[in-house]
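In case you want the letters, here they are:
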Amino acid sequence: MTISSCIVNSNCVFAEDNIRKRSVLTWPTQSGKTLSYAINVCRKAFQKASLYPHCRENVDDYSVLMDSCTEDIKITIAGDIKYYVTGNNGQLVLPDYVTSNICPSECSMKGRCHQGQCMCNSGYHGPDCSVKVGSVPFIHFVYGEDDVDSLCDIRQEDCRTSYIIADNLMYSPDLQCRVQYLKMENGKLVDDKGKGHILVKGMFTSFNELECSLPPSGLSNGAVVAGFKISISTDGLQFSNEETLIIFDSLCQACKEDGNCTLKPNTCEIDEQCRKKGEQNSKQQICNPSVTQHDWTTDQRVQEIDHFTANLTGCECVDDPGAFTCACCQNAGCPCASKSPHQCVDCTHIDECGKYPDIFNI
């Protein structure tokens, strides 16, 4: 039969007419799930991942991952309800023959999945068969509570916990962290041989992450730089490579991941403490970075302070509670606050604030 006769007689059925076309899945799905539902599920799943803070910043196209995740949900979780069964709570769930054969990381391709557990090949062990027998953990990086690689800002956190991303990890009652004290010496962090190192118990959190509690660093708000070198062991005998966690105060220090810390402009480092510009000691000396960043400077203008201003700095700022870099008032004077932070005036003449900048500016 020719094509032309088929057209004339209108009674031909071509082979492709009998091919079942694959249906195109759309939102909402047959189970009533929407795209916004899928995005929310994916976002929560991503955020639970231990590497999320690092991957989120370094993955070139995050939207591609989100699209892939939502597409998976469209096809599986929120897809054709005929593949689901009703659970004990009345909700639709995947059948046992599916869930019983789901294993972590697909057993790292070094074992087989049996009833939800990995049966590892010879020479490998661990819940996901990822650890080679006899291997030592390898640390990729260490970070503090503020999720910045190798750094922890004592002004933002207490820096008493380190988070370690590593390979060849598995749960073990012998999981340990070896913590070596570091100190700043000639501008570099070196081993503090006087304090040495301590061993603390590691907390296994995932196949590639654990937590180590840290001892007090000796730093508090105002202190400059210290740190720890950290290594880990799953058997208490063989330890991994060492990685450094630098603990610093961002008030006066700018630190990089390589351990290079520099003193910020308009601050001082005096007596191993960070000082703000204008901060005053009991001898009425001030931090004056324009003169030196490493010692107190005698303020020659102290003798010029007027009837209402006792000191240029040293008292709490009314518009910045917790900062003691503003003028101290006397004789019932009132602080000028942000308009002239180092000046006090007669409370009935606030308009005097800002006058005589050669006296009241630091």
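Residues numbered from 1 in each chain as written. Predicted model: local features only at pLDDT ≥ 70, side-chain atom pairs only at ≥ 80, totals over all residues. Heavy atoms only, no water.

**Some points on the state of the cysteines**
This structure, assessed with the given rule, holds 13 disulfides. Note that cysteine 152 is cross-linked by a disulfide to cysteine 159, the S-S spacing being 2.2 Å. In this structure, the disulfide formed by cysteine 152 and cysteine 159 twists by about -100° around the S-S bond and is classed as left-handed. Assessed through its relative accessible area of 0%, cysteine 152 is described here as buried. (Disulfide = S-S within 2.5 Å. Buried < 20%, exposed > 50% of the residue type's maximum accessible area, 1.4 Å probe, protein only.)

**Quick notes on the pairing of strand β4 (residues 117-120)**
Every other side chain in a regular strand lies on the same face of the sheet, so the side chains alternate between the two faces. Examined bridge by bridge, strand β3 (residues 111-114) and β4 share 4 bridges and lie antiparallel to one another. Of the residues in β4, the one forming a bridge with arginine 112 is methionine 119. Adjacent in sequence and paired antiparallel, β3 and β4 are bridged by 2 residues, among which glutamine 115 carries a positive phi angle near 50°. (Pairing = 2+ DSSP bridges. Helix = DSSP H or I, 4+ residues; strand = E, 2+ residues; numbered from the N terminus.)

**Regarding the environment of lysine 33**
The topology assignment puts lysine 33 in the loop between α1 (3-9) and α2 (35-48). Accessibility expressed as a relative area gives 30% for lysine 33, which makes it partly exposed. It is 9.2 Å that separates the C-alpha atoms of lysine 33 and isoleucine 73, two residues lying 40 residues apart in sequence.

**Examining the UniProt feature "domain: EGF-like" (unreviewed entry) in the chain**
Sequence positions flagged by UniProt for "domain: EGF-like" (unreviewed entry) are, in local numbering, residues 118-129. End-to-end, the C-alpha atoms of residues 118-129 are 7 Å apart, and along that stretch the chain is 0% helix and 42% strand. (UniProt positions renumbered as here; feature names shortened; annotations may be inferred.)

**Concerning the nonpolar core**
One finds Ile164, Leu210, Phe228, Ile230 and Ile232 to be the most contacted residues of the largest nonpolar core, which totals 21 residues. Within the residue set of this core, elements represented by two or more residues are β7 (138-143), β9 (161-167), β10 (176-185), β13 (209-213), β14 (225-233) and β15 (243-248). (Core = buried A, V, L, I, M, F, W, Y, C linked by side-chain atoms within 4.5 Å.)

**What about the pattern of salt bridges?**
According to the stated counting rule, one finds 5 salt bridges in the structure shown. A salt bridge links arginine 275 to glutamate 279, with the nearest nitrogen and oxygen atoms 3.5 Å apart. Lysine 355 is the partner of glutamate 352 in a salt bridge, and the nearest nitrogen-oxygen pair spans 3.3 Å. Using a relative accessible area of 38% as the deciding quantity, one classes lysine 355 as partly exposed. One network of salt bridges, in which partners are shared, links Asp191, Lys229 and Glu242. (Salt bridge = Lys/Arg side-chain N within 4 Å of Asp/Glu carboxyl O.)

**Side note on the packing of aromatic side chains**
Scanning the entire structure with this criterion turns up 4 aromatic pairs. Pairing tyrosine 171 with phenylalanine 204 gives two aromatic rings, centres 6.3 Å apart and planes at 80°, and the pair type is edge-to-face. Placement of tyrosine 171 in the loop between β9 and β10 and of phenylalanine 204 in strand β12 (residues 197-206) is noted, with a sequence separation of 33 residues between them. Judged by relative accessible area, phenylalanine 204 falls into the partly exposed class, the value being 22%. Aromatic ring contacts, followed pair by pair, group Phe141, Tyr143 and Tyr163 into a single cluster. Across from the ring centre of phenylalanine 239, 4.3 Å away, lies the NZ or CZ of arginine 178, which sits over that ring. (Phe/Tyr/Trp six-rings, centres within 6.5 Å; stacked < 30°, edge-to-face > 60°. Lys NZ or Arg CZ within 6 Å of the ring centre and 35° of its normal.)

**Side note on the side chain of histidine 342**
Residue position: histidine 342 is located in the loop between β24 (333-335) and β25 (344-346). A polar atom in the side chain of histidine 342 sits 3.0 Å from the backbone oxygen of leucine 312. In terms of polar contacts, histidine 342 uses its side chain to reach the backbone carbonyl oxygen of threonine 325, at 3.3 Å. (Polar contact = N/O pair within 3.5 Å; in protein donor to acceptor, adjacent residues only side chain to side chain.)

**Some details on the environment of proline 341**
Structurally, proline 341 is set in the loop between β24 and β25. Remark: the alpha-carbon pair of proline 341 and aspartate 319, spanning 22 residues in sequence, is separated by 9.4 Å. If sequence neighbours within four positions are ignored, proline 341 has contacts with Leu312, Cys326 and Ala327. (Contact = heavy atoms within 4.5 Å.)

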